[in-house]
Amino acid sequence: MCGIIGYIGDKNPVDVLIKGLKNLEYRGYDSAGIALKNEEEIQIIKSVGKISDLEEKIKNTNIISSHMGIAHTRWATHGKPNEINAHPHKVGKITLVHNGIIENAEELKRELQEKGIVFQSDTDTEVAAALIHFYYQGNMKEAIEKASKVLKGSYALGIICDDESDTLYAIRKESPLIIGVGENEHFITSDIGAILNETKKYVLLGKDEVVVLKKDEFHVYQGENEIHREILESSASEEEISKHGYEHYMMKEMMEEPVLINQMIEKYQNHMESLPDIKKYKTIHIVGCGSAYYAGMIGKNFFEEEGIKVEVEIASEYRYRNVIYDENTLVILISQSGETADTIAAMRKANENHQDTLAIVNVESSTIARECTYQVLIEANKEIAVATTKAYLLQVFVLSLLSMRGKQDEKYLEDLHQLPQQLKVLLDKTGYYKRIADQLCNQEHVFFIGRKNDYAMSLEGSLKLKEISYIHSEAYPAGELKHGTISLIEEGTIVFAIVTDDTIQDKTISNLEEVISRGAKPIYIGCNASSYEEQFIVPKVHSRLQPILVVPALQMIAYFTAQKRGCNIDQPKNLAKSVTVE
Ligand code: F6R
């Protein structure tokens, strides 16, 4: 959560920082702020709302001339989204921006208050600033190191000191932070996307590393020791982070799905053996959060059909459970960002228990990609819309490929070839999605039902709808509805039935009839034509590919419903793209 960026160099830092913040806005967007520093003074400007609100405020302010600054876009964790709580925070000579959570902030705040420090905000960030201020006696690096020994939690900080107008400091503990390297200029940022307009060269930072950044040099320290960190080059292009003419990133990202699936097919269809062999494990645990967890539920069904014992679990539960590992267990961590705090904790638990871990991730340089035994990249390129679409689909696709490794299945290979084209046709049926959106947009409650993978897909369709359109929606295993929830069905309640699995199709249809007889209005999504008035027929393909031709339709329905309701599609309220706090 939250995005941070810092700059030191010859350019106008305001331009660099604002541009960077706009690229980071997907990480949090309830307030933002900037701090600029020159030889004489430090100037802090903050605003509630979007980066454009901050930009407007800056335009109407007399800005100091400077060559360094730090900036932040916030997703509130401690304290309301208001100007006082917005970053940067300044205590004494220390001004900083923060990404993450200081877990012992309350305790530290009390101790520092007893020492006479007065706090303005409700944030944990101000406590970090106060602590560094408390330890500062002329040597910033020393003060940061002392503070980091006391601060608990996951955080990354970008820091400026009143006494120095040519040096920017940073520290990374768990939360993502990298250095950007330019010609006579340096950056810090929580996401390389924020600086790709400026440079493609970057340096990864490890846990607990302190950075001293000047215009023409940078130093990375682990405790007393300076360490060498290699300069890497990103292959991501600026184009990847633009909208390609679509109104929203979400639409652009859904439209990329056929090309991305095609790329994966080309990469793996004749090289399945380059994927890890999951069949050598007796037990598999699949762990993720939100949509990644729902992708994992589909993976569970795929792998169980291969005779492997599979458990799938939400990372925030898995990390605290007394998990029993067999002597031969593989733990698969699914995460678009590779930085989700709970999924990282689940991975570390498995690593500490000496289990093999496999990352199914999008971001190659992410913590999960780096710390797992094996990695399979989903290669979805940058996903900016907060609601995942293409990354989810590629996660499911990778799970499908993993389940098919080592099998000779002509039908699967045949269907693979058709898949991108069929997906393209499916996405183009916008007339249908808009018609469904017209019916959904005034509903208060919507239900999705299905069995097995149809249920897992229902969960994803329902999440997508509620998260971007704010319509309350729930997904149920079709057979479960009558054990309580059916009492919510009223005249006209829309119930989606996902019916693609021939083996249990009749059962789901019976359950659909049960709700219809209580007044529900059915929307049938299946492979076989039905007698329902509102039906959407998807091509029947190999069962391990079927979700690829169902979930994008549900994504589209959610998109057009949210659009009709005038919602902020790319940045739904209260959410952030990368959940780097517990
Ligand atoms: C929903 C959504 C979230 C993420 C979840 C995990 O549209 O995007 O549910 O799937 O926060 O994020 P990653 O995959 O980055 O670990």
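Residues numbered from 1 in each chain as written. Predicted model: local features only at pLDDT ≥ 70, side-chain atom pairs only at ≥ 80, totals over all residues. Heavy atoms only, no water.

Chemist: Quick question: what am I supposed to make of the pattern of salt bridges here?
Modeler: Any two side chains of opposite charge can pair, given that their charged atoms come close. A complete count under the given rule lists 39 salt bridges for this structure. Residue E198 pairs with K11 through a salt bridge whose shortest N-O separation is 2.7 Å. With E198 in the loop between β10 (185–189) and β11 (201–204) and K11 in the loop between β1 (3–9) and α1 (13–24), this residue pair connects regions lying 187 residues apart in the sequence. Owing to a relative accessible area of 33%, K11 belongs among the partly exposed residues under this scheme. The salt bridge partner of D191 is K382, with a shortest N-O separation of 2.5 Å. Of this pair, D191 sits in the loop between β10 and β11 while K382 sits in the loop between β20 (374–377) and α12 (390–404), and the two are 191 residues apart along the sequence. You can call K382 buried: its relative accessible area is 18%. Within the structure, one salt-bridge network assembled from shared partners comprises K279, E305, E306, K407 and R544. (Salt bridge = Lys/Arg side-chain N within 4 Å of Asp/Glu carboxyl O. Helix = DSSP H or I, 4+ residues; strand = E, 2+ residues; numbered from the N terminus. Buried < 20%, exposed > 50% of the residue type's maximum accessible area, 1.4 Å probe, protein only.)

Chemist: Just checking my understanding: could you explain the site of the ligand for this structure?
Modeler: Residues in close proximity to the ligand total 14 residues, the closest being S335, Q336, S337, T340 and E467. In this structure, T388 approaches the ligand through a main-chain N or O atom, which is 3.0 Å from an oxygen atom. K464 places a side-chain nitrogen or oxygen 2.8 Å from an oxygen atom of the ligand. Within the residue set of the shell around the ligand, elements represented by two or more residues are α8 (290–304) and α15 (453–469). Counting residues domain by domain, the shell around the ligand receives three or more from each of domain 2 (249–407) and domain 3 (419–567). (Near = heavy atom within 4 Å. Polar contact = N/O pair within 3.5 Å; in protein donor to acceptor, adjacent residues only side chain to side chain. Domains from an automatic or database assignment.)

Chemist: In this structure, what is going on with the domain arrangement of the protein? I would like to understand it.
Modeler: Many authors give the size of an interface as the accessible area that is lost as the parts come together. Split by domain assignment, the protein resolves into domain 1 (3–239), domain 2 (249–407) and domain 3 (419–567). Placing a centre on the C-alpha atoms of domain 2 and another on those of domain 3 gives a separation of 25 Å. Across the interface of domain 2 and domain 3, roughly 2500 Å² is buried in total on both sides, 71% from carbon and sulfur atoms. Interface area lost by domain 2 to domain 3 is led by M251, P258 and Y294, which between them contribute 20%. If you look at where domain 2 meets domain 3, you find two salt bridges. When residues of the side of domain 2 that touches domain 3 are traced back to their parent elements, those giving at least two are α6 (249–255), α7 (257–268), α8 and α12. (Buried area = accessible area lost by both parts, 1.4 Å probe.)

Chemist: Any chance you could explain the packing of α8 against α15 here in plain terms?
Modeler: The packing of two helices is summarised by the inter-axis angle and the distance between the axes. At their nearest, the axes of α8 and α15 sit 9 Å apart, and the two run at 170° to each other. With respect to α15, the element α8 is oriented roughly antiparallel. Every residue of α15 that contacts α8 at G290, S291, Y294, M297, I298, N301 and F302 is listed here: N453, Y455, A456, M457, L459, E460, L463 and K464. A breakdown of the residues in the contact of α8 with α15 according to their chemical character gives nine nonpolar, four polar and two charged. (Axes fitted to C-alpha atoms, helices over the stretch in contact; angles between N-to-C directions. Parallel < 35°, antiparallel > 145°, perpendicular 65-115°, else oblique. Contact = heavy atoms within 4.5 Å. Nonpolar A, V, L, I, M, F, W, Y, C, P; charged D, E, K, R; others polar.)

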